[in-house]
Amino acid sequence: MARKRNNNQGQQVTRHSNRKGGKRNKETVVQDRWEKKEEKGRIIKEKFEESRKIAPLVAKTENQKIALKALREKQLVILSKSAGTGKSELCVWWACHQWLTGACDNIVITRPDKGLGETYPVPGNDAAKILTFLYPLLLKMKKYLGTGILRNNLQLEDVDVLFKEAKGIQIVSMAKLGGMSFSDKTIVIADEVQSATIAQVKALATRAEEGCQILITGDSTQTPIKGQENGLDYLERKLKENPHKEAQVVQFTPEDCCRYGISKHLTRVFEEDGTW
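Rules behind the numbers
- Residues numbered from 1 in each chain as written.
- Predicted model: local features only at pLDDT ≥ 70, side-chain atom pairs only at ≥ 80, totals over all residues.
- Heavy atoms only, no water.
- Salt bridge = Lys/Arg side-chain N within 4 Å of Asp/Glu carboxyl O.
- Helix = DSSP H or I, 4+ residues; strand = E, 2+ residues; numbered from the N terminus.
- Buried < 20%, exposed > 50% of the residue type's maximum accessible area, 1.4 Å probe, protein only.
- pLDDT = per-residue confidence, 0-100.
- Contact = heavy atoms within 4.5 Å.
- Arc of directions from axis to C-beta.
- 1 Å grid on protein atoms, 1.4 Å probe; cavity = no way out; pocket = protein on both sides within 12 Å on 5 of 7 lines; lining within 4 Å.
- Points joined across faces, edges and corners; volume = space filled by probe spheres on them.
- Nonpolar A, V, L, I, M, F, W, Y, C, P; charged D, E, K, R; others polar.
- Pairing = 2+ DSSP bridges.

Concerning the pattern of salt bridges
Okay, step 1: Scanning the entire structure with this criterion turns up eight salt bridges.
Okay, step 2: Its salt-bridge partner being glutamate 73, residue lysine 69 comes within 3.0 Å of it at the nearest N-O pair. Of this pair, lysine 69 and glutamate 73 are both found in helix α2 (residues 62–73), four residues apart, which corresponds to roughly one turn of the helix.
Okay, step 3: What makes lysine 69 partly exposed here is its relative accessible area of 43%.
Okay, step 4: With a relative accessible area of 44%, glutamate 73 lands in the partly exposed category.
Okay, step 5: Ionic pairing is found between lysine 185 and aspartate 105, a salt bridge with its closest N-O pair at 3.9 Å. Within this pair, whereas lysine 185 is found in the loop between β8 (168–171) and β9 (186–190), its partner aspartate 105 is found in the loop between α3 (87–100) and β6 (106–110), the two being separated by 80 residues in sequence.
Okay, step 6: For lysine 185, a relative accessible area of 28% puts it in the partly exposed group.
Okay, step 7: Here aspartate 105 falls in the partly exposed class, since its relative accessible area comes to 26%.
Okay, step 8: Taken together, the shared-partner salt bridges in this structure form one network comprising Glu229, Arg237, Lys238 and Glu241.

Here's the deal with the confidence of the model for the chain
Okay, step 1: Counting all residues, the mean pLDDT for the chain is 81, and 72% of those residues have values of 70 or more.
Okay, step 2: Counted against residues more than four places away or in other chains, residues 1–5, with its pLDDT under 50, gives 18 contacts.

Some words on helix α5 (residues 135–145)
Okay, step 1: Considered for burial, the residues of α5 that qualify are Leu137, Leu138, Met141, Tyr144 and Leu145. Taken around the axis of α5, the buried residues stretch over an arc of 120 degrees, which confines them to a single face.
Okay, step 2: After α5 finishes, the residue glycine 146 shows a positive phi value of roughly 95 degrees.

Considering the environment of glycine 178
Okay, step 1: Residue placement: glycine 178 occurs in the loop between β8 and β9.
Okay, step 2: Those residues in contact with glycine 178 that sit more than four places away from it in its chain are Ala203 and Arg207.

Overview of the layout of surface pockets
Okay, step 1: Here the largest pocket is characterised by a volume of approximately 580 Å³.
Okay, step 2: As for the largest pocket, its lining consists of 30 residues, and the residues nearest its centre are Gly84, Gly86, Lys87, Ser88 and Arg259.
Okay, step 3: Where the lining of the largest pocket is concerned, the elements lending two or more residues are α3, α5 and β10 (212–218).
Okay, step 4: Its residues assigned to classes, the lining of the largest pocket shows 12 nonpolar, nine polar and nine charged.

What about the pairing of β10?
Okay, step 1: Most of β10 is tucked away, with seven of its seven residues classed as buried.
Okay, step 2: Going residue by residue along β10, you find Cys212, Ile214, Ile216 and Gly218 tucked away on one face and Gln213, Leu215 and Thr217 tucked away on the opposite face as well.
Okay, step 3: Relative to β10, strand β5 (residues 76–81) runs parallel, the two being bridged by five bridges. When the sheet's bridge partners are listed, isoleucine 78 is paired in β10 with isoleucine 216.

Focus: the sheet that holds β9
Strand pairs in the sheet, formed through backbone hydrogen bonds, run parallel or antiparallel to each other.
Okay, step 1: Spatially, β7-β8-β6-β9-β10-β5-β11 is the arrangement adopted by the seven strands of the open sheet, whose pairing is parallel. What marks the edges here is a single partner per strand, and that holds for β7 (154–155) and β11 (247–252).

So, in structure tokens, the structure goes:
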């Protein structure tokens, strides 16, 4: 129904309201707010409801500089070896940079559901089962994207992903990669791939269509796979035997470690021992 009120100039202003039980419904309230924003010229861009600029990342070591160049130029990038060298940080920063500049519409994060110790069953869907494993990666994403953007774009429900054209930030189980494909303007980050099997890595490395970038990190000294070759070592070996111009492997050393004090000292000591 229509109702009239007087504005400050004494003119009558007609406002339309769809009332239910004497109150405006939710749709009408939202519509009124958008009309006010349009009147004031405050139109929000469809994708970037929260604007944010990402700080540039300065390489601390020569291998980090090589890695940043590879991230800018290659379709498949593997950052491997020594712990504490910023491998995951570099990949997350690059993906967030591409997201915020509009060069990337979808970020897919994945990792094996195996840790260093015994793995216990977790209730929920695939995303929930590996969510705890991905906390370190997600905390880095929050640092660069901000809490609001990460919260609004992180898809944890399968139905959310199914019915959205742009999937946002999606968690995918590495065990379920078979049969999937990742299209243009998508960045896939696969973390802790030393815990992946050869079959999982084969599926991961062959999911990219044109315009998709796959970033892989891992440290084979921390693999839980004993007595056989893990997926990360297998993929590095195959690329060394069969190089491709769109793929690059950057292997970090203890000299690249960005940790300090006792952490840096023990990282070097444990690495000299071999497998953790």
